[in-house]
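# A look at the structure
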Amino acid sequence: QVQLVESGGGLVQPGESLRLSCAASGFTFRRYAIGWFRQAPGKEREGVSCITSVGGTIYTNAVKGRFTISRDNTKNTVYLQMNSLKPEDTAVYYCATDLQPACPMNNPYWGQGTQVTVSS
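Residues numbered from 1 in each chain as written. Predicted model: local features only at pLDDT ≥ 70, side-chain atom pairs only at ≥ 80, totals over all residues. Heavy atoms only, no water.

## So, the overall build of the chain
- A count of helices and strands for the chain gives zero helices and 11 strands.
- A compact globule built from 120 residues should have a C-alpha radius of gyration of about 14 Å, and the chain, at 13 Å, falls within 12% of that.
- Along the first, second and third principal axes, the C-alpha set of the chain runs to 40 × 25 × 25 Å.
- Counting all 120 residues of the chain, 43% fall into the buried class.
- A separation threshold of at least 6 residues defines the contact pool for the chain, and within that pool the share at least 24 residues apart is 57%.
- Here the chain has roughly 6,200 Å² of accessible surface; of this, 46% comes from carbon and sulfur atoms.
- Of the charged side chains in the chain, 11 are positive and 8 negative, and the gap between their average positions amounts to 7 Å. (Helix = DSSP H or I, 4+ residues; strand = E, 2+ residues; numbered from the N terminus. Rg over C-alpha atoms; globule rule 2.2 N^0.38 Å. Buried < 20%, exposed > 50% of the residue type's maximum accessible area, 1.4 Å probe, protein only. Contact = heavy atoms within 4.5 Å. Areas by Shrake-Rupley, 256 points an atom, 1.4 Å probe, with all protein chains shown as cover. Lys, Arg positive; Asp, Glu negative; His and termini not counted. Charge placed at Lys NZ, Arg CZ, Asp CG, Glu CD.)

Below, the structure written as structure tokens:
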């Protein structure tokens, strides 16, 4: 079955960096797009970034120029490099896939999430 396991979250100060990882299993990883979403307290879950099966990427405007998504098909892993973090980036971050090659995605499978807290 589809499994997605996020890691790499933590508590950082504004301006610092984190790299999130999403380890996937249970499907042919290289064929499908993977997305990162986040949910802040009291807010709806929102899309952050997505990478297609062939490496095309999209980002929400709030993170453009600061976040970079990448994938390593040899490790079945997608990464989200987050630089210049801001307090408003504080959220639980989830990776997801709907087993389609393109972005965006609908009704995806979800990981369990990893907490990112940006605070001084």
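## With respect to the sheet that holds strand 8 (residues 77-82)
- If you walk across this open sheet you meet the four strands as 1-3-8-7, and the pairing is antiparallel. Every other strand in the sheet has two partners, leaving strand 1 (3-7) and strand 7 (67-72) as the edge strands with one partner each. Across this sheet, the average inter-strand angle for adjacent strands is 15 degrees, counted without regard to direction.
- Note that strand 1 and strand 3 (residues 18-25) share five bridges and pair antiparallel. Of the residues in strand 3, the one forming a bridge with V5 is A23. (Pairing = 2+ DSSP bridges. Axes fitted to C-alpha atoms, helices over the stretch in contact; angles between N-to-C directions.)

## What about the pattern of salt bridges?
- A full pass over the atoms with the stated rule returns three salt bridges.
- As a salt-bridge pair, D89 and R38 come within 2.9 Å of each other at their nearest N and O atoms. Of this pair, D89 sits in the loop between strand 8 and strand 9 (91-97) while R38 sits in strand 4 (residues 34-39), placing them 51 residues apart in sequence. Both residues of the pair, D89 and R38, count as buried.
- Through salt bridges with shared partners, a single network forms among R38, E46, R66 and D89. (Salt bridge = Lys/Arg side-chain N within 4 Å of Asp/Glu carboxyl O.)

## A short note on the nonpolar core
- One finds W36, L80, M82 and Y93 to be the most contacted residues of the largest nonpolar core, which totals 27 residues.
- Mapped onto this core, the elements with two or more residues apiece are strand 3, strand 4, strand 5 (46-51), strand 7, strand 8, strand 9 and strand 11 (114-118).
- Looking at which element gives the most residues to this core, the answer is strand 3, with four residues.
- In terms of nonpolar packing, the next biggest core, distinct from the first, is built from five residues, A33, C50, A96 and M105 among them. (Core = buried A, V, L, I, M, F, W, Y, C linked by side-chain atoms within 4.5 Å.)

## Topic: the environment of N73
- Topologically, N73 is positioned in the loop between strand 7 and strand 8.
- Of the residues examined, N73 reaches a relative accessible area of 35% and is grouped as partly exposed.
- Sequence separation between N73 and T28 is 45 residues, and the spatial gap between their C-alpha atoms is 9.6 Å.
- Setting aside residues up to four positions removed in sequence, N73 forms contacts with F29 and R30.
- A polar contact is formed between the side chain of N73 and the side chain of R71, at a distance of 2.9 Å. (Polar contact = N/O pair within 3.5 Å; in protein donor to acceptor, adjacent residues only side chain to side chain.)

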